[in-house]
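Okay, here's what each chain looks like letter by letter:
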Amino acid sequence: QVQLVESGGGSVQAGGSLRLSCASSGYTFSSRSDIMAWFRQAPGKEREGVAALRPIGGNTYYADSVKGRFTISRDNTKNTVYLQMNNLKPEDTALYYCAATRTARPLEGSTYNYWGQGTQVTVSS
């Protein structure tokens, strides 16, 4: 059983920062094709791929909307990925959730098999 648990969401003012964590269990990174990612979805909007990372290899991928502001990283000893979010904007407000799979197109949610429950990020102007 694969379980993903997000944490670190909260409310911040525009320009602030948050660090999200996604801890995985029941899964061991064993292939260069393994991937974990962060997605977000705001009410009335489609799910959006935010950032993705291959724990083995370290390849990273970012949505254009967050490049230069968000950084995805990993701690392989803990099977955990992080999303450091800086210079947050009101449009970043969404439910953020992590996902994982053995192989995927990095920012395409339909290719992921496992999903966390999400953590809310709210950015006020």
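Heads up: the structure comes first, above all this text.
In what follows, the accompanying structure is described. This one's a predicted model, so the numbers in the text were calculated from it and none came from an experiment.

Cut-off values and rules
- Residues numbered from 1 in each chain as written.
- Predicted model: local features only at pLDDT ≥ 70, side-chain atom pairs only at ≥ 80, totals over all residues.
- Heavy atoms only, no water.
- Helix = DSSP H or I, 4+ residues; strand = E, 2+ residues; numbered from the N terminus.
- Rg over C-alpha atoms; globule rule 2.2 N^0.38 Å.
- Buried < 20%, exposed > 50% of the residue type's maximum accessible area, 1.4 Å probe, protein only.
- Contact = heavy atoms within 4.5 Å.
- Areas by Shrake-Rupley, 256 points an atom, 1.4 Å probe, with all protein chains shown as cover.
- Lys, Arg positive; Asp, Glu negative; His and termini not counted.
- Charge placed at Lys NZ, Arg CZ, Asp CG, Glu CD.
- Salt bridge = Lys/Arg side-chain N within 4 Å of Asp/Glu carboxyl O.
- Pairing = 2+ DSSP bridges.

The next point concerns the overall build of the chain. Assigned secondary structure in the chain consists of zero helices and eleven strands. Taken over the C-alpha trace, the chain has a radius of gyration of 13 Å; the compact-globule value for 125 residues is 14 Å, and the two agree within 12%. Counting only C-alpha atoms and orienting by the principal axes, one finds that the chain spans roughly 40 × 30 × 25 Å. The buried share among the 125 residues of the chain stands at 43%. A separation of at least 24 residues holds for 57% of the contacts in the chain among residues at least 6 apart in sequence. Total accessible area on the chain is roughly 6,300 Å²; 43% of this is exposed by carbon and sulfur atoms. Taking the 13 positively charged and 9 negatively charged side chains of the chain as two groups, their mean positions are separated by 5 Å.

Further remarks concern the pattern of salt bridges. Two side chains carrying opposite charge are able to pair once their charged atoms lie near each other. Within this structure, the stated rule accounts for six salt bridges. Between Arg40 and Asp92 there is a salt bridge, with its nearest N and O atoms 2.9 Å apart. Within this pair, whereas Arg40 is found in strand E4 (residues 35-41), its partner Asp92 is found in the loop between strand E8 (80-85) and strand E9 (94-101), the two being separated by 52 residues in sequence. For the residue pair Arg40 and Asp92, the accessibility class agrees, reading buried in each case. A salt bridge links Asp64 to Lys67; its shortest N-O distance comes to 3.1 Å. As far as burial versus exposure is concerned, Asp64 and Lys67 are alike and both exposed.

For Asp92, a relative accessible area of 0% gives the class buried. Apart from residues no more than four positions distant in its own chain, Asp92 is found in contact with Arg40, Arg69, Phe70, Asn87, Val121 and Val123.

Below, the discussion takes up the side chain of Thr101. Along the chain, Thr101 turns up in strand E9. With near-sequence residues (within four places) excluded, Thr101 lies in contact with Tyr27, Asp34, Ile35, Thr111, Tyr112, Asn113 and Tyr114.

So, about the pairing of strand E7 (residues 70-75). When E7 meets E8, the two strands line up antiparallel, connected through six bridges. Looking at the pairing, Arg74 lines up with Val81 of E8. Connecting E7 to the next strand, E8, in antiparallel fashion are four residues, including Asn79 with a positive phi near 50 degrees.

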